[in-house]
Amino acid sequence: MILIKGGRVMDPATNLDEEKDIVIDDKGKITGIYEPEEVQRNHYETVIDAAGEIVAPGFVDVHVHFRDPGLTHKEDIVTGSAAAAAGGYTTVICMANTKPPVDDVDIYKELQAREDKLPIHVLQTANVTKGMKGEELTSMEELHLAGVKGFTDDGVPIENAGLMREALKKCKELDVPISLHEEDGKLMYSQGVNKGTVSEQLGLPGAPDEAEYTLVARDLMLNKKIGAKLNIQHISSAVTVDLIRKAKKDGIRVYGEVTPQHLSATEDLVLEQGALARVNPPLRTEKDRQALLQGLKDGVIDMIATDHAPHSKEEKERGIAKAPSGMIGLETAFGLLMTYGVKEYGIPLMTVLRALTVNPAELYKLDAGKIYVGGPGDLVIFDPNREWVVSDAFVSKSTNSPFIGRKLCGKVTKTICNGKIVFTK
Ligand code: DOR
(Lines give C-alpha, C1' and ligand atoms only; values in the text may rest on other atoms or scores of the structure.)
Protein backbone atom coordinates (compact mmCIF):
# COMPACT_ATOMS: atom_id res chain seq x y z
CA MET A 1 0.00 0.00 0.00
CA ILE A 2 1.25 3.46 -0.88
CA LEU A 3 0.00 6.73 0.58
CA ILE A 4 0.77 9.88 -1.36
CA LYS A 5 0.36 12.66 1.13
CA GLY A 6 0.02 16.42 0.96
CA GLY A 7 0.22 16.90 -2.81
CA ARG A 8 -1.85 19.23 -4.94
CA VAL A 9 -3.80 16.76 -7.05
CA MET A 10 -4.61 17.87 -10.59
CA ASP A 11 -6.80 15.68 -12.75
CA PRO A 12 -7.91 17.18 -16.08
CA ALA A 13 -10.57 14.47 -16.56
CA THR A 14 -12.63 16.01 -13.72
CA ASN A 15 -10.86 19.39 -13.39
CA LEU A 16 -9.95 18.43 -9.83
CA ASP A 17 -7.32 20.79 -8.43
CA GLU A 18 -7.10 20.40 -4.65
CA GLU A 19 -4.92 19.05 -1.93
CA LYS A 20 -5.78 15.36 -1.51
CA ASP A 21 -4.18 12.20 -0.20
CA ILE A 22 -4.19 9.19 -2.51
CA VAL A 23 -3.94 5.55 -1.53
CA ILE A 24 -2.88 2.80 -3.93
CA ASP A 25 -3.25 -0.85 -2.87
CA ASP A 26 -0.96 -3.81 -3.48
CA LYS A 27 -2.84 -4.72 -6.65
CA GLY A 28 -1.82 -1.37 -8.11
CA LYS A 29 -5.26 0.24 -7.98
CA ILE A 30 -6.28 3.55 -6.47
CA THR A 31 -8.45 2.68 -3.47
CA GLY A 32 -9.05 6.10 -2.00
CA ILE A 33 -8.83 9.83 -2.61
CA TYR A 34 -9.04 11.56 0.75
CA GLU A 35 -9.23 14.98 2.30
CA PRO A 36 -5.99 16.07 3.99
CA GLU A 37 -5.73 14.65 7.53
CA GLU A 38 -8.42 12.03 6.82
CA VAL A 39 -5.85 9.21 6.68
CA GLN A 40 -3.20 8.21 9.22
CA ARG A 41 0.26 7.90 7.73
CA ASN A 42 1.37 5.12 10.10
CA HIS A 43 -1.12 2.71 8.48
CA TYR A 44 0.96 2.54 5.29
CA GLU A 45 4.24 0.80 4.44
CA THR A 46 5.22 3.50 1.96
CA VAL A 47 4.38 7.15 2.44
CA ILE A 48 5.34 9.61 -0.27
CA ASP A 49 5.46 13.16 0.99
CA ALA A 50 4.25 15.28 -1.93
CA ALA A 51 3.93 18.60 -0.09
CA GLY A 52 4.78 21.48 -2.42
CA GLU A 53 4.42 19.20 -5.45
CA ILE A 54 1.70 18.31 -7.93
CA VAL A 55 0.26 14.84 -8.35
CA ALA A 56 -1.30 14.10 -11.75
CA PRO A 57 -2.24 11.07 -13.83
CA GLY A 58 0.83 9.41 -15.35
CA PHE A 59 1.56 10.91 -18.75
CA VAL A 60 0.50 9.13 -21.92
CA ASP A 61 2.66 9.52 -25.03
CA VAL A 62 1.09 8.37 -28.29
CA HIS A 63 4.32 8.74 -30.27
CA VAL A 64 7.67 7.19 -29.35
CA HIS A 65 10.35 5.27 -31.28
CA PHE A 66 11.91 2.50 -29.20
CA ARG A 67 13.77 1.06 -32.24
CA ASP A 68 12.98 -2.49 -31.24
CA PRO A 69 13.43 -4.74 -33.20
CA GLY A 70 16.41 -4.04 -35.41
CA LEU A 71 17.87 -0.72 -34.31
CA THR A 72 18.49 -1.48 -30.66
CA HIS A 73 21.91 0.20 -30.63
CA LYS A 74 19.85 3.44 -30.44
CA GLU A 75 17.20 2.30 -27.94
CA ASP A 76 15.28 -0.82 -27.00
CA ILE A 77 12.01 -1.34 -25.24
CA VAL A 78 13.70 -1.73 -21.85
CA THR A 79 15.82 1.45 -22.00
CA GLY A 80 13.03 3.31 -23.79
CA SER A 81 10.50 2.51 -21.09
CA ALA A 82 12.99 3.50 -18.37
CA ALA A 83 13.48 6.86 -20.15
CA ALA A 84 9.71 7.23 -20.33
CA ALA A 85 9.33 6.56 -16.61
CA ALA A 86 12.00 9.21 -15.93
CA GLY A 87 9.91 11.68 -17.91
CA GLY A 88 6.71 10.97 -15.95
CA TYR A 89 5.16 8.65 -18.55
CA THR A 90 3.25 5.54 -17.51
CA THR A 91 1.88 4.67 -20.96
CA VAL A 92 3.61 5.01 -24.32
CA ILE A 93 2.70 3.97 -27.83
CA CYS A 94 5.54 2.82 -30.06
CA MET A 95 5.74 3.69 -33.70
CA ALA A 96 6.17 0.87 -36.17
CA ASN A 97 9.13 2.09 -38.31
CA THR A 98 11.40 -0.59 -36.86
CA LYS A 99 13.55 -3.09 -38.75
CA PRO A 100 11.66 -5.06 -39.86
CA PRO A 101 8.64 -2.80 -39.57
CA VAL A 102 5.63 -4.03 -37.62
CA ASP A 103 3.52 -5.02 -40.59
CA ASP A 104 2.50 -8.54 -39.67
CA VAL A 105 0.96 -10.37 -36.74
CA ASP A 106 4.02 -12.42 -35.82
CA ILE A 107 6.28 -9.40 -35.32
CA TYR A 108 3.54 -7.64 -33.42
CA LYS A 109 2.87 -10.57 -31.08
CA GLU A 110 6.52 -11.11 -30.32
CA LEU A 111 6.94 -7.45 -29.37
CA GLN A 112 3.76 -7.23 -27.34
CA ALA A 113 4.73 -10.33 -25.34
CA ARG A 114 7.96 -8.59 -24.29
CA GLU A 115 6.24 -5.30 -23.66
CA ASP A 116 3.86 -6.87 -21.17
CA LYS A 117 6.81 -7.40 -18.80
CA LEU A 118 7.96 -3.76 -18.65
CA PRO A 119 7.55 -1.38 -15.67
CA ILE A 120 5.22 0.93 -17.61
CA HIS A 121 2.50 0.26 -20.17
CA VAL A 122 4.00 0.01 -23.65
CA LEU A 123 1.74 -0.50 -26.63
CA GLN A 124 2.82 -1.21 -30.15
CA THR A 125 1.19 0.19 -33.28
CA ALA A 126 1.31 -1.61 -36.63
CA ASN A 127 1.90 -0.25 -40.12
CA VAL A 128 -0.78 1.04 -42.43
CA THR A 129 1.06 -0.28 -45.50
CA LYS A 130 3.19 -3.38 -46.04
CA GLY A 131 6.87 -2.64 -45.56
CA MET A 132 5.88 1.03 -45.17
CA LYS A 133 6.06 1.21 -48.95
CA GLY A 134 2.76 3.01 -49.41
CA GLU A 135 1.59 0.47 -51.98
CA GLU A 136 -0.59 -2.09 -50.25
CA LEU A 137 -2.46 -2.09 -46.94
CA THR A 138 -1.40 -4.47 -44.17
CA SER A 139 -3.89 -7.05 -42.89
CA MET A 140 -5.38 -4.47 -40.55
CA GLU A 141 -8.27 -6.62 -39.43
CA GLU A 142 -6.02 -9.51 -38.49
CA LEU A 143 -3.59 -7.17 -36.72
CA HIS A 144 -6.46 -5.58 -34.85
CA LEU A 145 -7.73 -8.99 -33.75
CA ALA A 146 -4.22 -9.72 -32.46
CA GLY A 147 -4.45 -6.61 -30.26
CA VAL A 148 -3.17 -3.67 -32.33
CA LYS A 149 -4.81 -0.46 -31.12
CA GLY A 150 -3.60 1.94 -33.80
CA PHE A 151 -2.00 2.13 -37.25
CA THR A 152 0.76 4.35 -38.61
CA ASP A 153 3.57 4.55 -41.17
CA ASP A 154 5.15 7.36 -39.13
CA GLY A 155 8.45 8.43 -40.63
CA VAL A 156 7.14 7.82 -44.14
CA PRO A 157 4.17 9.84 -45.45
CA ILE A 158 1.54 7.98 -47.48
CA GLU A 159 1.33 9.67 -50.84
CA ASN A 160 -1.26 7.52 -52.62
CA ALA A 161 -4.64 9.18 -51.99
CA GLY A 162 -6.65 6.14 -53.05
CA LEU A 163 -4.81 3.94 -50.59
CA MET A 164 -5.25 6.55 -47.88
CA ARG A 165 -9.00 6.55 -48.45
CA GLU A 166 -9.08 2.76 -48.03
CA ALA A 167 -6.93 2.98 -44.89
CA LEU A 168 -9.23 5.61 -43.38
CA LYS A 169 -12.26 3.43 -44.13
CA LYS A 170 -10.66 0.39 -42.55
CA CYS A 171 -9.65 2.33 -39.42
CA LYS A 172 -13.17 3.74 -39.15
CA GLU A 173 -14.59 0.23 -39.34
CA LEU A 174 -12.17 -0.99 -36.65
CA ASP A 175 -12.63 2.21 -34.60
CA VAL A 176 -8.88 2.71 -34.13
CA PRO A 177 -6.72 5.80 -34.67
CA ILE A 178 -4.74 6.23 -37.86
CA SER A 179 -1.70 8.43 -37.17
CA LEU A 180 -0.16 10.25 -40.09
CA HIS A 181 3.22 11.80 -40.77
CA GLU A 182 2.26 14.55 -43.19
CA GLU A 183 5.11 15.63 -45.47
CA ASP A 184 4.58 15.15 -49.19
CA GLY A 185 7.88 13.85 -50.60
CA LYS A 186 7.13 15.43 -53.97
CA LEU A 187 7.12 18.88 -52.37
CA MET A 188 10.27 18.38 -50.31
CA TYR A 189 13.63 19.72 -51.44
CA SER A 190 15.44 18.11 -48.52
CA GLN A 191 14.51 16.84 -45.08
CA GLY A 192 14.87 17.98 -41.50
CA VAL A 193 15.47 21.73 -41.86
CA ASN A 194 12.75 24.26 -42.63
CA LYS A 195 12.96 25.90 -46.05
CA GLY A 196 13.66 29.52 -45.13
CA THR A 197 16.37 31.82 -43.92
CA VAL A 198 18.24 29.15 -41.96
CA SER A 199 18.28 26.57 -44.78
CA GLU A 200 19.50 29.31 -47.12
CA GLN A 201 22.24 30.29 -44.71
CA LEU A 202 23.35 26.67 -44.51
CA GLY A 203 23.08 26.08 -48.23
CA LEU A 204 20.41 23.41 -47.81
CA PRO A 205 17.37 23.08 -50.13
CA GLY A 206 14.99 22.71 -47.16
CA ALA A 207 11.62 21.24 -46.20
CA PRO A 208 8.83 23.72 -46.97
CA ASP A 209 5.70 23.98 -44.84
CA GLU A 210 3.43 23.39 -47.85
CA ALA A 211 4.75 19.82 -47.92
CA GLU A 212 2.95 19.37 -44.59
CA TYR A 213 -0.21 21.38 -44.95
CA THR A 214 -1.19 20.26 -48.46
CA LEU A 215 -1.13 16.62 -47.33
CA VAL A 216 -3.03 17.52 -44.16
CA ALA A 217 -5.65 19.29 -46.29
CA ARG A 218 -6.00 16.22 -48.52
CA ASP A 219 -6.46 13.85 -45.59
CA LEU A 220 -8.92 16.12 -43.79
CA MET A 221 -10.99 16.23 -46.97
CA LEU A 222 -10.74 12.47 -47.45
CA ASN A 223 -11.92 11.96 -43.89
CA LYS A 224 -14.87 14.33 -44.27
CA LYS A 225 -17.20 11.55 -45.43
CA ILE A 226 -15.45 8.75 -43.55
CA GLY A 227 -15.05 10.03 -39.98
CA ALA A 228 -12.09 7.89 -38.93
CA LYS A 229 -10.05 8.77 -35.85
CA LEU A 230 -7.53 10.77 -37.88
CA ASN A 231 -4.47 11.77 -35.84
CA ILE A 232 -2.26 14.41 -37.47
CA GLN A 233 1.17 13.78 -35.98
CA HIS A 234 3.81 16.30 -34.90
CA ILE A 235 2.17 19.41 -36.38
CA SER A 236 4.81 21.99 -37.24
CA SER A 237 3.17 24.73 -39.26
CA ALA A 238 0.77 27.59 -38.47
CA VAL A 239 -1.24 26.81 -41.62
CA THR A 240 -1.83 23.25 -40.40
CA VAL A 241 -3.16 24.60 -37.09
CA ASP A 242 -5.61 26.79 -39.03
CA LEU A 243 -6.69 23.88 -41.22
CA ILE A 244 -7.39 21.71 -38.19
CA ARG A 245 -9.24 24.54 -36.45
CA LYS A 246 -11.49 24.94 -39.47
CA ALA A 247 -11.95 21.20 -39.97
CA LYS A 248 -13.07 20.77 -36.36
CA LYS A 249 -15.56 23.62 -36.79
CA ASP A 250 -16.88 21.90 -39.90
CA GLY A 251 -17.37 18.64 -38.00
CA ILE A 252 -14.50 16.72 -39.57
CA ARG A 253 -13.09 14.20 -37.13
CA VAL A 254 -9.44 14.98 -36.43
CA TYR A 255 -7.02 14.91 -33.51
CA GLY A 256 -3.95 17.14 -33.50
CA GLU A 257 -0.63 16.26 -31.95
CA VAL A 258 2.29 18.59 -31.17
CA THR A 259 5.75 17.92 -29.75
CA PRO A 260 7.46 19.82 -26.90
CA GLN A 261 10.32 20.68 -29.29
CA HIS A 262 8.05 22.35 -31.85
CA LEU A 263 6.47 24.33 -28.99
CA SER A 264 9.84 25.41 -27.58
CA ALA A 265 12.21 26.03 -30.46
CA THR A 266 12.47 27.41 -33.97
CA GLU A 267 14.69 26.75 -36.99
CA ASP A 268 17.30 28.96 -35.29
CA LEU A 269 18.15 26.00 -33.07
CA VAL A 270 19.68 24.34 -36.14
CA LEU A 271 22.24 27.15 -36.34
CA GLU A 272 23.20 26.53 -32.73
CA GLN A 273 22.92 22.75 -32.48
CA GLY A 274 23.39 21.50 -36.04
CA ALA A 275 22.20 17.96 -36.75
CA LEU A 276 20.88 17.55 -33.19
CA ALA A 277 18.08 19.95 -34.13
CA ARG A 278 17.33 18.21 -37.43
CA VAL A 279 13.87 16.68 -37.25
CA ASN A 280 11.00 15.70 -39.57
CA PRO A 281 8.89 17.77 -39.86
CA PRO A 282 11.39 20.53 -39.09
CA LEU A 283 11.38 23.20 -36.43
CA ARG A 284 9.97 26.22 -38.23
CA THR A 285 9.58 29.95 -37.59
CA GLU A 286 8.57 31.90 -34.50
CA LYS A 287 5.21 32.57 -36.16
CA ASP A 288 4.64 28.82 -36.48
CA ARG A 289 5.72 28.20 -32.88
CA GLN A 290 3.32 30.86 -31.60
CA ALA A 291 0.48 29.30 -33.61
CA LEU A 292 1.23 25.88 -32.13
CA LEU A 293 1.22 27.30 -28.60
CA GLN A 294 -2.07 29.07 -29.28
CA GLY A 295 -3.54 25.91 -30.84
CA LEU A 296 -2.66 23.97 -27.72
CA LYS A 297 -4.01 26.70 -25.47
CA ASP A 298 -7.38 26.88 -27.20
CA GLY A 299 -7.79 23.12 -27.62
CA VAL A 300 -7.39 22.88 -31.40
CA ILE A 301 -4.39 20.68 -30.68
CA ASP A 302 -5.49 17.77 -28.50
CA MET A 303 -2.31 15.98 -27.54
CA ILE A 304 1.33 16.52 -26.72
CA ALA A 305 3.53 13.67 -27.96
CA THR A 306 7.31 13.52 -27.76
CA ASP A 307 8.23 11.78 -31.04
CA HIS A 308 11.14 10.43 -28.96
CA ALA A 309 13.50 9.50 -31.80
CA PRO A 310 16.88 8.17 -30.61
CA HIS A 311 19.85 8.13 -32.98
CA SER A 312 23.49 7.27 -32.30
CA LYS A 313 26.29 9.79 -31.84
CA GLU A 314 28.02 8.54 -34.99
CA GLU A 315 24.89 9.07 -37.06
CA LYS A 316 24.36 12.59 -35.76
CA GLU A 317 28.01 13.41 -36.38
CA ARG A 318 27.48 12.92 -40.12
CA GLY A 319 26.47 16.58 -40.25
CA ILE A 320 23.28 18.46 -40.96
CA ALA A 321 22.86 17.27 -44.56
CA LYS A 322 23.43 13.58 -43.90
CA ALA A 323 22.44 12.84 -40.30
CA PRO A 324 19.12 11.09 -39.67
CA SER A 325 16.30 13.31 -38.45
CA GLY A 326 14.90 13.13 -34.94
CA MET A 327 15.68 13.88 -31.32
CA ILE A 328 15.07 12.16 -28.01
CA GLY A 329 12.34 13.81 -25.98
CA LEU A 330 10.89 11.78 -23.13
CA GLU A 331 13.15 13.14 -20.39
CA THR A 332 12.99 16.81 -21.42
CA ALA A 333 9.31 16.99 -22.40
CA PHE A 334 7.85 18.13 -19.11
CA GLY A 335 10.55 20.73 -18.40
CA LEU A 336 10.15 22.22 -21.88
CA LEU A 337 6.37 22.34 -21.55
CA MET A 338 6.46 24.02 -18.14
CA THR A 339 9.13 26.49 -19.20
CA TYR A 340 7.88 27.52 -22.63
CA GLY A 341 4.20 26.52 -22.57
CA VAL A 342 3.04 27.31 -19.04
CA LYS A 343 5.51 29.93 -17.71
CA GLU A 344 6.41 31.78 -20.90
CA TYR A 345 3.26 31.54 -23.03
CA GLY A 346 0.71 31.27 -20.20
CA ILE A 347 -1.06 28.05 -21.16
CA PRO A 348 -2.91 26.85 -18.06
CA LEU A 349 -1.13 23.89 -16.49
CA MET A 350 -4.44 21.98 -16.52
CA THR A 351 -4.60 22.36 -20.33
CA VAL A 352 -1.07 21.05 -20.75
CA LEU A 353 -1.86 18.12 -18.43
CA ARG A 354 -5.04 17.37 -20.39
CA ALA A 355 -2.97 17.05 -23.57
CA LEU A 356 -0.55 14.75 -21.73
CA THR A 357 -3.11 12.46 -20.08
CA VAL A 358 -6.83 12.11 -20.67
CA ASN A 359 -6.91 13.24 -24.31
CA PRO A 360 -4.38 10.71 -25.63
CA ALA A 361 -5.84 7.99 -23.39
CA GLU A 362 -9.34 8.59 -24.74
CA LEU A 363 -8.19 8.53 -28.35
CA TYR A 364 -6.79 5.04 -27.78
CA LYS A 365 -9.63 3.96 -25.42
CA LEU A 366 -7.14 3.24 -22.63
CA ASP A 367 -7.91 2.92 -18.95
CA ALA A 368 -5.32 5.59 -18.24
CA GLY A 369 -4.90 9.34 -17.92
CA LYS A 370 -7.35 9.89 -15.02
CA ILE A 371 -7.40 9.60 -11.26
CA TYR A 372 -10.38 7.70 -9.84
CA VAL A 373 -11.13 5.14 -7.16
CA GLY A 374 -10.76 1.71 -8.72
CA GLY A 375 -8.55 3.10 -11.49
CA PRO A 376 -4.93 2.22 -12.22
CA GLY A 377 -2.31 3.48 -9.77
CA ASP A 378 -0.48 5.32 -12.54
CA LEU A 379 0.64 8.74 -11.32
CA VAL A 380 3.32 11.34 -11.80
CA ILE A 381 4.59 13.71 -9.12
CA PHE A 382 6.39 16.86 -10.16
CA ASP A 383 7.74 20.10 -8.83
CA PRO A 384 6.48 22.83 -11.18
CA ASN A 385 9.05 25.32 -9.94
CA ARG A 386 12.22 23.29 -9.66
CA GLU A 387 14.93 24.62 -11.94
CA TRP A 388 17.38 22.22 -13.53
CA VAL A 389 19.84 22.07 -16.35
CA VAL A 390 19.53 19.35 -19.00
CA SER A 391 22.65 17.18 -18.89
CA ASP A 392 23.74 14.43 -21.25
CA ALA A 393 23.25 11.81 -18.51
CA PHE A 394 20.04 10.51 -20.03
CA VAL A 395 18.34 7.28 -19.03
CA SER A 396 17.75 6.72 -22.74
CA LYS A 397 20.47 4.82 -24.64
CA SER A 398 20.91 7.85 -26.87
CA THR A 399 21.84 11.44 -26.12
CA ASN A 400 20.68 13.20 -29.30
CA SER A 401 19.00 16.17 -27.67
CA PRO A 402 19.54 19.75 -28.83
CA PHE A 403 18.50 20.93 -25.35
CA ILE A 404 21.58 19.74 -23.41
CA GLY A 405 22.79 22.67 -21.28
CA ARG A 406 19.36 24.36 -21.35
CA LYS A 407 18.02 25.62 -18.01
CA LEU A 408 14.42 24.46 -17.56
CA CYS A 409 11.81 24.95 -14.88
CA GLY A 410 9.61 22.02 -13.84
CA LYS A 411 10.88 18.58 -12.91
CA VAL A 412 9.32 15.15 -12.55
CA THR A 413 10.33 13.76 -9.17
CA LYS A 414 8.45 10.44 -9.07
CA THR A 415 6.58 8.18 -11.43
CA ILE A 416 4.29 5.47 -10.14
CA CYS A 417 2.92 2.78 -12.42
CA ASN A 418 0.59 -0.03 -11.33
CA GLY A 419 1.22 1.14 -7.76
CA LYS A 420 5.00 0.72 -8.03
CA ILE A 421 7.53 3.53 -7.90
CA VAL A 422 9.23 3.22 -11.29
CA PHE A 423 11.22 6.45 -11.14
CA THR A 424 12.42 8.66 -8.34
CA LYS A 425 14.71 11.65 -8.43
O1 DOR B 1 12.53 13.24 -37.31
C2 DOR B 1 11.89 12.19 -37.26
N3 DOR B 1 12.47 11.04 -36.89
N4 DOR B 1 10.62 12.21 -37.60
C5 DOR B 1 9.90 11.07 -37.71
O6 DOR B 1 8.74 11.15 -37.98
C7 DOR B 1 10.56 9.75 -37.55
C8 DOR B 1 11.70 9.89 -36.64
C9 DOR B 1 12.59 8.67 -36.59
O10 DOR B 1 12.07 7.55 -36.64
O11 DOR B 1 13.78 8.85 -36.43
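Rules and cut-offs
- Residues numbered from 1 in each chain as written.
- Predicted model: local features only at pLDDT ≥ 70, side-chain atom pairs only at ≥ 80, totals over all residues.
- Heavy atoms only, no water.
- Pairing = 2+ DSSP bridges.
- Helix = DSSP H or I, 4+ residues; strand = E, 2+ residues; numbered from the N terminus.
- Axes fitted to C-alpha atoms, helices over the stretch in contact; angles between N-to-C directions.
- Near = heavy atom within 4 Å.
- Polar contact = N/O pair within 3.5 Å; in protein donor to acceptor, adjacent residues only side chain to side chain.
- Areas by Shrake-Rupley, 256 points an atom, 1.4 Å probe, with all protein chains shown as cover.
- Core = buried A, V, L, I, M, F, W, Y, C linked by side-chain atoms within 4.5 Å.
- Buried < 20%, exposed > 50% of the residue type's maximum accessible area, 1.4 Å probe, protein only.
- Contact = heavy atoms within 4.5 Å.
- Salt bridge = Lys/Arg side-chain N within 4 Å of Asp/Glu carboxyl O.
- Phe/Tyr/Trp six-rings, centres within 6.5 Å; stacked < 30°, edge-to-face > 60°.
- Parallel < 35°, antiparallel > 145°, perpendicular 65-115°, else oblique.
- Nonpolar A, V, L, I, M, F, W, Y, C, P; charged D, E, K, R; others polar.

Engineer: Just give me the short version of the sheet that holds strand E7 (residues 89-94), but keep the residues and values in it.
Structural biologist: The strand order E6-E7-E8 describes an open sheet built from three strands, whose pairing is parallel. A strand with exactly one partner marks an edge of an open sheet, and here the two such strands are strand E6 (59-64) and strand E8 (121-124). Direction aside, neighbouring strands of the sheet carry axes that sit 15 degrees apart on average. Pairing geometry for E6 and E7, over four bridges, is parallel. Its bridge partner lying in E7, Phe 59 is registered against Tyr 89.

Engineer: Would you mind going over the site of the ligand in detail, with residue names and values included?
Structural biologist: Around the ligand sit 14 residues in total, of which Arg 67, Asn 97, His 181, Asn 280 and His 311 are the nearest. Taking His 311, its side chain carries an N or O atom lying 3.0 Å from an oxygen atom of the ligand. Isolated, the ligand exposes 290 Å² of accessible area, and the fraction of that covered by the protein chains is 94%.

Engineer: Please provide a residue-by-residue account of the nonpolar core, values included.
Structural biologist: With 77 residues, the main nonpolar core has Phe 59, Phe 151 and Phe 382 as its most contacted residues. No other element matches helix H13 (residues 349-356), which puts six residues into this core. Apart from residues lying up to four places away in sequence, Phe 59 is in contact with Gly 87, Gly 88, Tyr 89, Thr 90, Thr 91, Phe 334, Leu 353, Leu 356, Thr 357, Val 380, Phe 382 and Val 412. Core analysis: the second largest hydrophobic core is formed by 19 residues, Val 193, Ile 320, Met 327 and Trp 388 among them.

Engineer: Run through unusual backbone geometry, naming residues and quoting values.
Structural biologist: Trans is the common state for peptide bonds, and a negative phi is the common state for residues other than glycine. In the segment running from Asp 68 into Pro 69, the intervening peptide bond is cis, with an omega of 10 degrees. Secondary-structure assignment places Pro 69 in the loop between E6 and helix H1 (77-86). The omega torsion across Asn 280 and Pro 281 is -15 degrees, close enough to zero to call that bond cis. With respect to the secondary-structure elements, Pro 281 resides in the loop between helix H9 (268-273) and helix H10 (286-297). In this model, Asp 175 sits at a positive phi of 55 degrees, which is unusual for a non-glycine residue. As for its placement among the helices and strands, Asp 175 is situated in the loop between helix H4 (161-174) and strand E10 (177-180).

Engineer: Lay out the pattern of salt bridges in plain terms, naming residues and giving numbers.
Structural biologist: The tally for this structure, following the rule as stated, stands at 22 salt bridges. Linking Arg 245 and Asp 298 is a salt bridge whose minimum nitrogen-to-oxygen distance equals 2.8 Å. Residue Arg 245 is located in helix H7 (residues 238-249), and its partner Asp 298 is located in the loop between H10 and strand E13 (303-304); the two are separated by 53 residues in the primary sequence. What makes Arg 245 partly exposed here is its relative accessible area of 23%. Across the pair Glu 387 and Lys 407 runs a salt bridge, and its minimum N-O distance is 3.3 Å. Taken together, the residues Glu 387 in strand E14 (residues 379-389) and Lys 407 in strand E15 (residues 407-417) connect sequence positions 20 residues apart. Residue classification places Lys 407 among the exposed positions, given a relative accessible area of 52%. One continuous salt-bridge network, built from bridges that share partners, spans Glu 18, Lys 20 and Glu 35.

Engineer: Give me the packing of aromatic side chains: which residues, what numbers.
Structural biologist: Applying the stated rule across the entire model yields four aromatic pairs. For the pair Phe 59 and Phe 382, a centre-to-centre distance of 6.5 Å together with 35 degrees between the ring planes defines the contact as tilted. Here Phe 59 is found in strand E6, whereas its partner Phe 382 is found in strand E14, with 323 residues between them in sequence. What makes Phe 382 buried here is its relative accessible area of 0%. An angle of 50 degrees between the planes, with centres 4.4 Å apart, marks the rings of Phe 334 and Phe 382 as tilted. Pair noted here: Phe 334 is in helix H12 (residues 333-344) and Phe 382 is in strand E14, with a separation of 48 residues, a long-range link. One exposure class covers both Phe 334 and Phe 382, and it is buried.

Engineer: Give me the lowdown on the pairing of E14, citing residues and values where you can.
Structural biologist: Taken together, the four bridges between strand E5 (residues 54-57) and E14 define a ladder with antiparallel strand orientation. Bridge pairing links Val 55 to Ile 381 in E14. Where E14 lies against E15, eight bridges are found, and the strand directions are antiparallel. The partner of Val 380 across the bridge, within E15, is Thr 415.

Engineer: Quick rundown of the packing of H7 against H10? Include the residues and the values.
Structural biologist: It is the contact of H7 with H10, at a shortest axis distance of 8 Å, that shows an interaxial angle of 30 degrees. Put simply, H7 runs roughly parallel to H10. Residues Ala 238, Val 241 and Arg 245 of H7 pack against Lys 287, Asp 288, Ala 291, Leu 292 and Gly 295 of H10. Among the residues making up the contact of H7 with H10, the classes are represented as four nonpolar, one polar and three charged.

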